[in-house]
Structures are given as structure tokens and as C-alpha cells.
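These are the residues of each chain, in order.
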Amino acid sequence: MFFNRFGKYADAVLQLIFTGNGTGFTSGSNNAVIRFINDFLTDMKNTKGKVPTLGIICLMMISFILLKNLFCIFLIMYSIPEEHHC
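Description of the structure in this document.

Analysis parameters
- Residues numbered from 1 in each chain as written.
- Predicted model: local features only at pLDDT ≥ 70, side-chain atom pairs only at ≥ 80, totals over all residues.
- Heavy atoms only, no water.
- Helix = DSSP H or I, 4+ residues; strand = E, 2+ residues; numbered from the N terminus.
- Expected span 1.5 Å × (residues − 1).
- Buried < 20%, exposed > 50% of the residue type's maximum accessible area, 1.4 Å probe, protein only.
- Arc of directions from axis to C-beta.
- Polar contact = N/O pair within 3.5 Å; in protein donor to acceptor, adjacent residues only side chain to side chain.

## Some words on helix α2 (residues 32-47)
- The end-to-end C-alpha distance of α2, which contains 16 residues, comes to 22 Å, matching closely the 22 Å that a straight helix rising 1.5 Å per residue would cover.
- Taken together, the buried positions of α2 are occupied by I34, N38, L41, M44 and K45. The buried residues of α2 all sit within an arc of 135 degrees when viewed along its axis, so they share a single face. Pointing more than 90 degrees away from the buried face of α2 are the exposed residues F36, D39, N46 and T47.
- The residue sitting at the N-terminus of α2 and contributing the capping side-chain oxygen is N31; that oxygen lies 3.0 Å from the backbone nitrogen of V33.
- Count one or two residues on from α2 and you reach G49, which has phi positive near 115 degrees.

Laid out in C-alpha cells, this is it:
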């Protein structure tokens, strides 16, 4: 289920970058965050080009992965009693 949902977002981002029209899955969203990211990426693609936009997407993905991992470490550190820490 997660990968199916992620695939829709990935298709929309790739469609936005490589075809130029933002009529994908995220374009009609009511979510403010998705609309902001979609507008930001559309504007960046129109002003800077496709390669810098793809670089920003890669940096965003790396940042999200690092934040997820830091959150997991934080959760583990505070959910396990102190006597069981390394």
C-alpha cells in the first residue's frame, strides 16, 4: 500500500520535471504542504531548469531520510530504560 501511494507521488514529480505539465496526482490536492512543494518545484523548473530542480528533489529526499533516521534514534533512546543503553 505504501509503495503504491509513493509511486503516485513519484510519477507526479517525474511528470512535472520531464513533461512540464503539473497535471499529475498532486496538482489538485487540498493539502497546503503538497501544493507548496508542487508550486515551488514548478517555479524552480521554469526559472532554473530541470537539472537544478532534480538536484533539489534529491537533497530533499536525503534530508527526509536523515530526519527520519534521527527521529528513530531519538525514539529508541527515550523509549528504552537507561540501564539497557549501550
